[in-house]
Structure formats: C-alpha cells, structure tokens
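Structural characterization, general
The chain contents come next:
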Amino acid sequence: MKEIAYYSTRGFGPVTASEAILTGLAPDGGLFVPDRIPALPLSLGELSRLSYPDLAYEILHAFLTDFSEEELRACCAGAYDEKFDTPEIAPLAKVGDVYYLELYHGKTIAFKDMALSILPHLMTAAAARQQDRKEIVILTATSGDTGKAALAGFANVPGTRIAVFYPHGGVSPIQERQMVTQEGENTCVIAVRGNFDDAQTGVKQLLGDEALREELDRRGMRFSSANSINIGRLVPQIAYYVHAYARLLREGEIREGDPVNFTVPTGNFGNILAAYYAKKMGLPVGKLICASNRNRVLFDFFSTGTYDRRRPFYLTTSPSMDILISSNLERLVYELGGEDAGKDRDLMARLTKDGTYELTPDMKEKLTDFAGGYADEEQTAAEIARVWNTYQYLLDPHTAVASSVYQSYRKETGDDTPTVVVSTASPFKFTGTVMGAVCPGVTAADDFALADRMAQETGWPVPAAVNEVRSAPVRHRTVCDISAMKENVLAFLK
Ligand SMILES: *Cc1c(COP(=O)(O)O)cnc(C)c1O
C-alpha cells in the first residue's frame, strides 16, 4: 500500500501522518490534509461485525499509514475502553423514525471525548515513531468543555503532561468541578483572572515564547497542540459515521448500499467534515445536513457560497456552536478549489483582511453534498419538549438544534432517506435548558441538585461522570493573574 502524505492547505509539505499529528497546525498556518482519501478497507458487511475499537482501527490504519498495526491497535484499545459508560461506545437510538447517534458516553459526556480519548495515544506513538524522546506538553485554554476532555484524555498517559487554563468564574459549576477534581500526576488546572479570550491569548503567548521553548528543550520537553484542527482528532471521528451505518445494516434497518443522511450540530466544522471524509471513503451517504444555531454563518455560506463573519455574535443555549470562524471549513474549501494551495491562501487572506470571501462559481457547484439549516433559541427549546413529550427521549440543546433543523429539512425537501442525527452531548450536561423545556418551573439549589430532579422527573439515570465529580476531592486550587501564567507553567514542569 502506498503511503498517504499530508500537505498543508496552504502548501507546506509533504509530511507523514505522525509528523502532522505531532505538529498540529502547519507552520504556514494551514491545516494538514491527506493527499488522497483511501477507500473503505473492508466491505460494509464485514465492518458491521466489528467492535468499536476494531472498526476504529480499520479507519485509522487506512489514513495513518506510517504507524504499525500494533501501534494503532494499542491506541484504539487504550482509548475506547471502560472510560466509556457503555461497551458500545457510540450507541444508536431509534426514536420514532429518526436515529440518534449518541456520542456522549465518555468521561465528559460530550462528543469531544471520541477524539480526545485517542489523541494522546496517537501523539505518544507518533513521537516514538519520530524517535522524539521529548515529553509532550499540552497547553490549552478552555471555555469549559475542551479542557476537561483533554485532561481526561491525557491524564496518566506516559510521556505527556497537560496544563489547562480556564477563566475564573467563567465556566459552569459542573464544568469547574469536572476540571478541579481531575486526577493524574501529569495534569495541571489553573483558573486565571480574566475571560476566555485573555486565557487563550495568554496560552498563545506561551506557545510562541522563544525563551520558554528553549527552557523546555533543556528539560527534554516540547509543546504540542490538542485543538480541533489536529488531523489526529479528525480521523478518529470518521469511525463513528461508519459505525452508525454498520449498526443500521446489522439491525436490518437498511440494506447494504442504501444511502443514509447525517445531520450534524456544527461549530468548528470538524465533526461534519469527518462525515464528508467517510462519504469520500465510499460510505453510502446522501445529504450532510449542517445544523447551526442563531450564529448561522455556515447556513448563509451553504445558501450563498459567501462566508461572512462580519455579524453580531450571539450567546446561545448551545455554546459549543457559538462560533463565527469555523476553522475546519478551510479543509473543505481547499478541496472545493481543486486542492489548490494558492487559491486557499487567497481566500483565507481575504477572511483575515475583510472578514469575508466568496467561492468561485465552480466551487459553489460542488457544495451539493451539503444542505444547511439553523434553529433559533425558541425552536431549539420546542424541539427538546416535542421529542420528550412524544417519545420520552431527552436531547441536549446542541442535539436539539440538529433535530429541529432535520425536521424542517424533511418538510421542505420531502427527502425521506433514513437519517441519523448526531447527538453531541448528554442532556445532563445542560440540565438548566433541558429542564426548562421538559419541566418548566422546576428549580433546584445547584446544577447537581437539578440533575437529581431531572432524573426523578424523567426516569433517565444521572450519568456516572456527573456522580463521580460530585463527590471527588478537589485537587487543583491555583488561581492566578494572566501575567503569572508562565511562572505557573514552569513550576508545573519542574
Ligand atoms: C464541539 C461541539 C460541537 C461542534 O462540533 P464541531 O466539530 O466544532 O463542529 C457540537 N456540540 C457539542 C456538544 C460540542 O462540544
């Protein structure tokens, strides 16, 4: 088999998969993409008989060609284990005639666990492959979710350390408890006095600090990046689309080759891009329905071919989709432009300079794999209530955005292809919004008490991940000013 090489969307390369994973963002500011998309390695029938880790292995092996079978099998086994509260890892629920792919059974009860539980394993294997014996140091600023998912993924993984910064008083009580109770000698959690942007800027400064990099080098360490543009997060996400199709096949819901639509609640465009890659591998996918909340920059993009970030930014009940610059979209734009790095550089420069760019007519024509839709706050709450009242099935607000968009799409188009709605967070992660929709008027002293009330009222059990942090001892208590982030990192790396 010919190796797959990785190129930056802005021209840098080629590099191997392991180099791309260790590097994260390409040095020219672009995102690494494979030079071709491999075909599905087995028939759909064969794939439908595999366990989740075995299926994930097949997908990873097809893309990450410079890793050995043994390495990749170990990565998959180390990631998709009892950290998830069901051996199925990603169960598929049939609710009426819609299927919900539940990607929230990991440690942080949201879909980022699917990729962040395997990324640390891929990184350490990549470092070994590159004969890089340096310890990998991950620095991350978080507005709540990514921090915990990264901490849970890297905790106690040999050869790695992770420091997470979050805005003091700027995350939800459950999110804060999830982080400050994090176990693992290689973890560090610090609250900074400032907002998320301050913390993010602080982290970027540390990553670009030449003196700090030299100091790390002396200590046998190097920085790396766990954010969602890392190709090591994108590839593992392809696996659950294949898994969803395989499940439908195994349960006789579809016949081999029948198309299936996916509706994906979208922010940074990483999740739905993985679905697109699955389609290009040969998975029979009909439409990819890209669901946005009130921040509908992607809906406008798919309707008009113009990306325009110059607009008001709204805080919504689906915060992980409150995004005006969808970083991973660059990978799609690169492909639409015929893998022309010059074209991509030009469009991205326009985005930086003018806040907008327009696709050429021939690029627009290639958008037909996608349909865009959006749901406002009222529609989102109404969808949570509708699905609960009709089917006694709970949706978190992100999933509800997608579910609502799918209902509208179906009405407007008459497309009745079997459809999977991708469910990205547990309803217990957003108890306030969910209870507001299903049991209006019920309140409780704090989020944990509200989770208990929700369990009482709905009969859905409180997830183990919530109960664990409720009683776990606090291990991280540092609060610091932005200006003191560097000395705190150095103290942690001692
Ligand atoms: C991150 C996230 C999303 C958005 O996924 P992208 O890959 O950024 O498009 C949707 N829902 C939840 C719960 C998330 O955490």
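Scroll up for the structure.
Criteria and thresholds
Residues numbered from 1 in each chain as written. Predicted model: local features only at pLDDT ≥ 70, side-chain atom pairs only at ≥ 80, totals over all residues. Heavy atoms only, no water. Near = heavy atom within 4 Å. Polar contact = N/O pair within 3.5 Å; in protein donor to acceptor, adjacent residues only side chain to side chain. Areas by Shrake-Rupley, 256 points an atom, 1.4 Å probe, with all protein chains shown as cover. Nonpolar A, V, L, I, M, F, W, Y, C, P; charged D, E, K, R; others polar. Buried < 20%, exposed > 50% of the residue type's maximum accessible area, 1.4 Å probe, protein only. Helix = DSSP H or I, 4+ residues; strand = E, 2+ residues; numbered from the N terminus. Pairing = 2+ DSSP bridges. 1 Å grid on protein atoms, 1.4 Å probe; cavity = no way out; pocket = protein on both sides within 12 Å on 5 of 7 lines; lining within 4 Å. Points joined across faces, edges and corners; volume = space filled by probe spheres on them. Phe/Tyr/Trp six-rings, centres within 6.5 Å; stacked < 30°, edge-to-face > 60°. Lys NZ or Arg CZ within 6 Å of the ring centre and 35° of its normal. Salt bridge = Lys/Arg side-chain N within 4 Å of Asp/Glu carboxyl O. Axes fitted to C-alpha atoms, helices over the stretch in contact; angles between N-to-C directions. Contact = heavy atoms within 4.5 Å.

Before going further, it helps to spend a moment on the site of the ligand. Near the ligand, the surroundings consist of 13 residues, among which Lys112, Gly267, Asn268, Asn271 and Thr424 are the closest. The side chain of lysine 112 places a nitrogen or oxygen atom 2.6 Å from an oxygen atom of the ligand. Glycine 267 places a main-chain nitrogen or oxygen 2.8 Å from an oxygen atom of the ligand. Here the ligand, which alone exposes 380 Å², has 96% of that area covered by the protein. When grouped by side-chain class, the residues that make up the shell around the ligand number four nonpolar, eight polar and one charged.

Right, let's get into the pairing of strand E14 (residues 419-423). Burial analysis of E14 places five of its five residues in the buried class, which makes it a mostly covered element. Alternating residues of E14 divide into Thr419, Val421 and Ser423 and Val420 and Val422, and every residue in both groups is buried. With four bridges connecting them, strand E4 (residues 98-102) and E14 associate as parallel partners. If you follow tyrosine 99 over to E14, its bridge partner there is valine 420. Across three bridges, strand E9 (residues 260-265) lies against E14 in parallel orientation. When the sheet's bridge partners are listed, threonine 263 is paired in E14 with valine 421.

What follows concerns the environment of serine 172. With respect to the element layout, serine 172 can be found in the loop between strand E6 (160-167) and helix H8 (173-180). With 258 residues separating them along the chain, serine 172 and phenylalanine 430 place their C-alpha atoms 9.8 Å apart.

This paragraph deals with empty space enclosed by the protein. Inspection of every chain in the model, using the stated rule, returns two cavities of 30 Å³ or more. Space inside the largest cavity adds up to approximately 60 Å³. Around the largest cavity, the lining residues are Lys83, Phe84, Gly106, Lys107, Asp113, Leu116, Ser117, Ala149, Ala152 and Gly153. Contributions of two or more residues to the lining of the largest cavity are made by helix H5 (112-116) and helix H7 (145-154). Counting residues per element, the lining of the largest cavity draws most heavily on H7, which supplies three residues. Tallied by class, the residues present in the lining of the largest cavity amount to four nonpolar, three polar and three charged. Here the second largest cavity is characterised by a volume of approximately 30 Å³. Surrounding the second largest cavity, Thr266, Gly267, Ser292, Asn295, Val297, Leu298, Met321, Ile323 and Ser326 form its lining. Within the lining of the second largest cavity, the residues separate by chemical class into four nonpolar, five polar and no charged.

This next bit is on the packing of aromatic side chains. Within the structure shown, the criterion is met by 16 aromatic pairs. Seen in terms of ring centroids, phenylalanine 301 and tyrosine 357 are 6.5 Å apart; in terms of plane orientation they differ by 70°. Their pairing is edge-to-face. Of this pair, phenylalanine 301 sits in helix H13 (residues 297-304) while tyrosine 357 sits in strand E12 (residues 356-358), and the two are 56 residues apart along the sequence. On the basis of relative accessibility, which here comes to 0%, the residue phenylalanine 301 falls in the buried class. An aromatic cluster of at least three residues, connected via ring pairs, comprises Phe269, Tyr276, Phe301, Phe302, Tyr307, Tyr357 and Phe370. In this arrangement the basic side chain of arginine 161 is found over the ring face of phenylalanine 492, its NZ or CZ atom lying 5.9 Å from the centre.

Another aspect to go through is the pattern of salt bridges. Taken as a whole and judged by the stated rule, the model has 32 salt bridges. With its nearest N and O atoms 2.9 Å apart, the salt bridge here joins aspartate 300 to arginine 311. Note that aspartate 300 is positioned in helix H13 and arginine 311 in the loop between strand E11 (306-308) and helix H14 (329-336), a separation of eleven residues in sequence. Look at aspartate 300 and you get buried, because its relative accessible area is 17%.

All right, on to helix H10 (residues 210-218) then. The N-cap of H10, judged by a side-chain oxygen 3.0 Å from the amide nitrogen of alanine 211 a few residues on, is aspartate 209. Immediately downstream of H10, the backbone of glycine 220 shows phi near 75°, a positive value.

Right, let's get into the sheet that holds strand E15 (residues 479-481). As summarised here, the arrangement of the five strands in space is E8-E5-E6-E7-E15, forming an open sheet in which the pairing is parallel. For this open sheet the edge positions go to strand E8 (221-224) and E15, each flanked by a neighbour on one side alone. Geometrically, the sheet is characterised by an average inter-axis angle of 30° between neighbouring strands, direction not taken into account. Pairing of E6 with strand E7 (residues 187-193) involves six bridges; the strand directions are parallel. Within the sheet, the bridge partner assigned to valine 164 lies in E7 and is valine 189. Packing against the sheet, helix H6 (residues 119-129) makes contact with strand E5 (135-141), E6 and E8, and its axis sits at approximately 145° to E5.

A separate point is the layout of surface pockets. Space inside the second largest pocket adds up to approximately 300 Å³. Looking at the lining of the second largest pocket, the elements with two or more residues in it are H7 and helix H21 (464-471). Ranked by residues supplied to the lining of the second largest pocket, first place goes to H21 with three residues. Of the residues belonging to the lining of the second largest pocket, the class tally is five nonpolar, three polar and five charged.

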